[in-house]
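Okay, here's what each chain looks like letter by letter:
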Amino acid sequence: MAAEVRSEDELGKKWDRCLADTIVKMGGGLAVGVVFSVFLFKRRPWPVAFGTGVGLGMGYSNCQHDFRNPNLLHGTFVKKIEKGEK
Amino acid sequence: MWRASRRVPSRIKCLGQGRPTSRAQQPCRNYAEEGADKSAKAAQASSSGGVGRTILTATLAVGAGVGGLTVYAKTSPEFRKTLEGNIPYAREYLGAVLDRGPKMPDLGLGGVVDKAKDMVGMGKKKEEQLGSFLPKLSKSKADEEEKQRKAAADTAAQAVSVGTDEPMPVAAKEPSAAHKESATKRPAKEKKPVGVEKPEETAAAAIAASMDEPLPPESKSEPKAKKKAEDKPATKKKALKEKAEDTAAAAVAAALDQPFATEARETPMRTPEEVQAKLLEKEIDDLADRAATLAIIQHELQDLKRTATSAIHAQEEAAHATKMHSEQIKHAMDEDTSGPLGKEEQWQAVTGAKEAQVDALKQAEATAAAARENLEKVRAVIKQGKSSLSEPDQEILSAEEELGKLAYELETAVGKVSKAQADAQVMQEYQALVEQGRKQFKKELESIMPDVKLGGWRGKLSEDELNSLIAHAHRRIEQLQSQLAEQQLLEKSRMDDALARQRTEDEKETLALLSRELERQKRELALAQDLRIAQARDQYEAEMRTQLRRQAGAHSEHLQDVLRVQEQELSSKHQAEMHDALMDERDRYQVKLNEAMARLRGVEAAIEGRADIEREARKAQELLIACETLKRLINTGNEEAASWEERRIPLSREVNTVKEAAGDSKFFQTLLGSVPQQAMEAGVFPEDSLRQRFLRVKRVCRRVAMIDETGGTLFQFFVSYLQSLLLVDAGRRSLPPGKEVDPKKLDTFTLLSYAEHSLENGDLEQAARFMNQLKGEPRKVASDWLEEARLTLEARQAAQALAAAAAAVGLGNLV
């Protein structure tokens, strides 16, 4: 994250993030739904849809949250590296 | 392939094969046979003489060629030279073949040795002839003439032989045979003794060999003793001189002279060595002259002594003999009556004495003549010696003295002889008278008594005869008495006459004697004078020499002193002058130096000033350049950048350059400080890139135009996006902002369009101002751009200020 993010690109990035997150969530939800559908609900389609919807909703919600509070920073964990290890 | 296709010549193929046995080798068989036949034939042909013939013809051709070349070389010296130059050993060959005739000038050592040998041989011969000179004196004049001719022949033969360079001893052996050739050789000889004077050795050979008389042909017909004597000593002297020179001078000089004796050249060519040799010879000449003269004189003197003594002896003998004769006669006359036998003996004795006298006289005459000759010769020699030499030598004078003495003695002896002869004459007269008387008597007796023979008084005489004899005798006596009386009468007168005659004779004799004595005295005096003169001269000369030496010594000393003093003077003067000159020079030089130094300093100062100015100007220029560079950089950025994003260049370098160029100027430092740090580190975007960036910014801003700072929901974003899509921006772009703009009426779109418009017009500042009015989310979106724009503007402002300042400074410096 050394490269600077230009302000005009910030929104774009935000949107990318949002989209990526939504897709991921949707994918996750889909996956869970599929799993549920396969294992628990005897291959019925509704868990997949449900899961996807859940994913989408989550993503949307996250996006919205992000867009509403733009000043909130997204932090990352940095692993502390000892001097001995390189 | 090549090997296979090559066809081996069949003959060569045959060589590889041994015996022609198989059929495959059949083709070779013929060749072998043919070859054998051919070789046999060739052998036969050679044996019949082909090779020999060729060899013979080749030899003949070569010999003919060589012979022709030799002959041509003989005729043409140039050709000979070319031959000698081009063909090795041709010189030796041609020399051996061609040079037996008249020799070319060749200064080889062999020739010198030969000539030296010749000289030695000739010298020996000369000595022989010198020794043989004396016996020849005694021969008659006819013999002498013979000798002359022989000598002339010698001379001629020798001279000719010299001319032709035949070996000298051989030619010298010819004299005995060559005197018949004298007639033909005389004209040659005539030339040679005159012309050959210069090659003295050859002249020596010619002249000395014929020591006797190499006379000029005119006097040969009438050899006068004196002239002969003169020539003899002259030539003998020359001969001896030459001999002395031979022994003294080197053989080299002889060799040098020899070549020029060919053909009796009157004016031989001389080289510097020649001249040197000539000078040497002249010196030797002088030395030898004296020695020769002395030697000659001594020799002659000895000769003379001998001859003189012999002559004197002979004279004395002659005188004695004459005296004896006359005595004998007297004796015979006086002792008339002693006895017939005794008379016979006496008369025999008389005749014997007469003969002896005659012999002695002859001898005396001859010797006297010879002695006189010698005398004259010696006198001439001495005269010559005296004349040739500068001062009469002591020895010459003593020789002269001896000469005088001998002459005197000779003369006295001769006088004695003449006196004796005179006496003898008297005696003879007396005898004649007596004889006459006797004859008369006999006649008278005969007339009276014819039968009577004197001395034949055999038998007795008759009385008549006796009487007539007595009468005759008486008559005779009377006659004689009367004659006697007459005689007595006339005696006195006769006596007087005789006395007178005697007196005259005596006078003459005394005169002669006197004259002789006077001469002798004169000679002695002259001799003494000469001697004294010589002594005195020697003395004076010695004195003068010593004086001169002393004077020379004194003079040289004086000169030295004077020179020393002068040297000192001059040196001191010179020193002073030098010093002065040096001082002058130094002063002048100093002055010049000072001038130069002053000028130099002036120049330096000027240069320094100029340098300062230049430096200032340069600095200003640098500054200006740096500022301009900064400005340009800010305006254009990195031109090689691919896209507008990368057109940032850190300004730090240029700013540093400017800082350096600016130096200590506070103004510039301040200005430089106003350049934002980020611009220094990260660089600034040029306006173009900002413009390009602005497009994007504008798009994004338009999309989020409805959202404010607090953020918005997605729905709002979506709506705002929709709004941006629906709102058309075409008209407002070109709308120029009025003079006054109401800030409350500005919304995002307006602002954006205004900003774009101003950007398009190149007014970044205005655009930035406009962009600064954005609110809410668009502001956030445009914040970076705005930041960049602000940076750029700041930097640009700073750069512009710097450039202006630099320009001002530069201008100021120019002025």
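About the thresholds
- Residues numbered from 1 in each chain as written.
- Chains lettered and ligands numbered in written order.
- Predicted model: local features only at pLDDT ≥ 70, side-chain atom pairs only at ≥ 80, totals over all residues.
- Heavy atoms only, no water.
- Buried < 20%, exposed > 50% of the residue type's maximum accessible area, 1.4 Å probe, protein only.
- Helix = DSSP H or I, 4+ residues; strand = E, 2+ residues; numbered from the N terminus.
- Arc of directions from axis to C-beta.
- Patch = residues over 30% accessible without salt bridge, like charges linked within 9 Å, V, L, I, M, F, W, Y side chains within 5 Å.
- Areas by Shrake-Rupley, 256 points an atom, 1.4 Å probe, with all protein chains shown as cover.
- Salt bridge = Lys/Arg side-chain N within 4 Å of Asp/Glu carboxyl O.
- Disulfide = S-S within 2.5 Å.
- Lys, Arg positive; Asp, Glu negative; His and termini not counted.
- Charge placed at Lys NZ, Arg CZ, Asp CG, Glu CD.
- Phe/Tyr/Trp six-rings, centres within 6.5 Å; stacked < 30°, edge-to-face > 60°.
- Lys NZ or Arg CZ within 6 Å of the ring centre and 35° of its normal.
- Axes fitted to C-alpha atoms, helices over the stretch in contact; angles between N-to-C directions.
- Parallel < 35°, antiparallel > 145°, perpendicular 65-115°, else oblique.
- Left-handed = near helix turned anticlockwise from the far one by under 90°.
- Contact = heavy atoms within 4.5 Å.
- Nonpolar A, V, L, I, M, F, W, Y, C, P; charged D, E, K, R; others polar.
- Core = buried A, V, L, I, M, F, W, Y, C linked by side-chain atoms within 4.5 Å.
- Buried area = accessible area lost by both parts, 1.4 Å probe.
- Polar contact = N/O pair within 3.5 Å; in protein donor to acceptor, adjacent residues only side chain to side chain.

A.B. asks: Help me understand helix H21 (residues 652–662) of chain B, please; the structure alone is not making it clear to me.
C.D. replies: Quick reminder: α-helices carry 3.6 residues per turn. Residues three or four places apart thus point the same way. All names here are of chain B. All of the buried residues along H21 are Glu 654, Val 655, Val 658, Ala 661 and Ala 662. The arc that holds every buried residue of H21, seen down its axis, measures 125 degrees, which confines them to one face. Of the exposed residues in H21, the ones pointing more than 90 degrees away from its buried face are Arg 653 and Glu 660.

A.B. asks: Could you clarify how one ought to interpret a nonpolar patch on the surface in this entry?
C.D. replies: Residue and element names in this part refer to chain A. Together, Leu 30, Val 32, Val 34, Val 35, Phe 36, Val 38, Phe 39 and Leu 40 make up an exposed nonpolar region whose accessible area comes to about 690 Å². Structurally, Phe 39 is set in helix H1 (residues 7–40). Take Phe 39: its relative accessible area is 65%, and that puts it in the exposed class.

A.B. asks: Which parts of the structure should I look at to understand the state of the cysteines?
C.D. replies: Between two cysteines, a covalent bond joining their sulfur atoms is known as a disulfide. Residue and element names in this part refer to chain A. Applying the stated criterion to the full structure yields one disulfide over all chains. Two residues, Cys 18 and Cys 63, share a disulfide whose sulfurs are 0.8 Å apart. With the S-S dihedral at roughly 115 degrees, the linkage between Cys 18 and Cys 63 falls on the right-handed side. On the criterion of sequence distance, the pair formed by Cys 18 in helix H1 and Cys 63 in helix H2 (residues 45–68) is long-range, its members being 45 residues apart. Using a relative accessible area of 2% as the deciding quantity, one classes Cys 63 as buried.

A.B. asks: Can you walk me through a negative patch on the surface in this structure?
C.D. replies: All names here are of chain B. Judged by side-chain charge, Glu 505, Asp 506, Glu 507 and Glu 509 come together as a negatively charged surface patch. Assignment of secondary structure puts Asp 506 in helix H20 (residues 463–636). For Asp 506, a relative accessible area of 35% corresponds to the partly exposed category.

A.B. asks: How should I be thinking about the packing of aromatic side chains in this particular structure?
C.D. replies: The geometry of an aromatic ring pair is captured by the separation of the ring centres together with the interplanar angle, meaning the angle of the planes. Inspection of every chain in the model, using the stated rule, returns nine aromatic pairs over all chains. A ring pair is formed by Trp 15 of chain A and Phe 67 of chain A, whose centres lie 4.7 Å apart and whose planes are at 50 degrees; its orientation type is tilted. Placement of Trp 15 of chain A in helix H1 and of Phe 67 of chain A in helix H2 is noted, with a sequence separation of 52 residues between them. An aromatic cluster is built from Trp 15 and Phe 67 of chain A together with Phe 717 of chain B, whose rings are joined through pairwise contacts. Seen from the ring of Tyr 408 of chain B, Arg 520 of chain B lies directly overhead, with NZ or CZ sitting 4.5 Å from the centre.

A.B. asks: Can you help me understand the packing of helix H4 (residues 50–75) of chain B against helix H5 (residues 77–86) of chain B in this one?
C.D. replies: Two numbers describe a pair of packed helices, the interaxial angle and the distance between the axes. All names here are of chain B. Relative to each other, H4 and H5 sit at 125 degrees, their axes nearing to 5 Å. What the angle tells us is that H4 and H5 run oblique. Crossing hand, H4 versus H5: left-handed. Here Leu 69, Tyr 72, Ala 73 and Thr 75 of H4 come into contact with H5, specifically with Pro 77, Phe 79, Arg 80 and Leu 83. By residue class, the composition of the contact of H4 with H5 is six nonpolar, one polar and one charged.

A.B. asks: When you look at the nonpolar core in this model, what are you seeing that I'm missing?
C.D. replies: Side chains of nonpolar character tend, in soluble globular proteins, to be buried together. By size, the foremost hydrophobic cluster in this structure holds 32 residues, and its most contacted members are Leu 11 of chain A together with Phe 694, Cys 701, Leu 764, Met 771 and Trp 785 of chain B. Among the elements that make up this core, the one with the highest residue count is helix H29 (residues 776–814) of chain B (six residues). For Met 771 of chain B, the contacting residues outside a window of four places in its chain are Phe 694, Val 697, Leu 752, Ala 755, Arg 779, Ala 782, Trp 785 and Leu 786 of chain B. In this structure, Ile 634, Ala 661, Phe 668 and Leu 672 of chain B belong to the second largest nonpolar core, which totals 26 residues.

A.B. asks: In this structure, what is going on with the interface of chain A and chain B? I would like to understand it.
C.D. replies: Accessible area lost on assembly of the parts is the figure often given for the size of an interface. Contact with chain A, which involves 14 residues of that partner, is made by 23 residues of chain B. A buried area of about 1,500 Å², summed over both sides, lies between chain A and chain B, and 55% of it is on carbon and sulfur atoms. It is Arg 6, Glu 8 and Leu 11 of chain A in chain A that bury the most area against chain B; as a group they hold 39% of the surface buried on that side. Inspection of the region where chain A meets chain B yields zero residue pairs in polar contact (both at pLDDT 80 or more). Where the side of chain A that touches chain B is concerned, the elements lending two or more residues are H1 and H2 of chain A. Looking at the side of chain A that touches chain B residue by residue, the classes come out as seven nonpolar, three polar and four charged.

A.B. asks: Explain unusual backbone geometry to me, please; I cannot follow it from the model alone.
C.D. replies: The phi angle of most residues is negative, glycine excepted, and most peptide bonds adopt the trans form. All names here are of chain A. Even without being glycine, Lys 42 reaches a positive phi, approximately 50 degrees. Along the chain, the position of Lys 42 falls in the loop between H1 and H2. On the basis of relative accessible area, Lys 42 is assigned to the exposed category, the value being 67%. The backbone of Arg 43 sits at a positive phi, close to 65 degrees, despite the residue not being glycine. Under the relative-accessibility criterion, Arg 43 is labelled exposed at 68%.

A.B. asks: In this structure, what is going on with the pattern of salt bridges? I would like to understand it.
C.D. replies: Pairs may arise between side chains of opposite charge once their charged atoms sit close together. Residue and element names in this part refer to chain B. Scanning all chains against the criterion turns up 25 salt bridges over all chains. For Glu 524, the salt bridge is made with Arg 520, and the minimal N-O distance between the two is 2.6 Å. Separated by four residues within a single helix, Glu 524 and Arg 520 lie in helix H20, roughly one turn from each other. A salt bridge links Arg 691 to Glu 687; the shortest N-O distance between them is 3.5 Å. Residue Arg 691 and its partner Glu 687 are both found in helix H24 (residues 687–703); the two are separated by four residues, about one turn of the helix. Residue classification places Arg 691 among the partly exposed residues on the basis of a relative accessible area of 30%. By sharing partners, the salt bridges in this structure join Glu 687, Asp 688, Arg 691 and Arg 796 into a single network.

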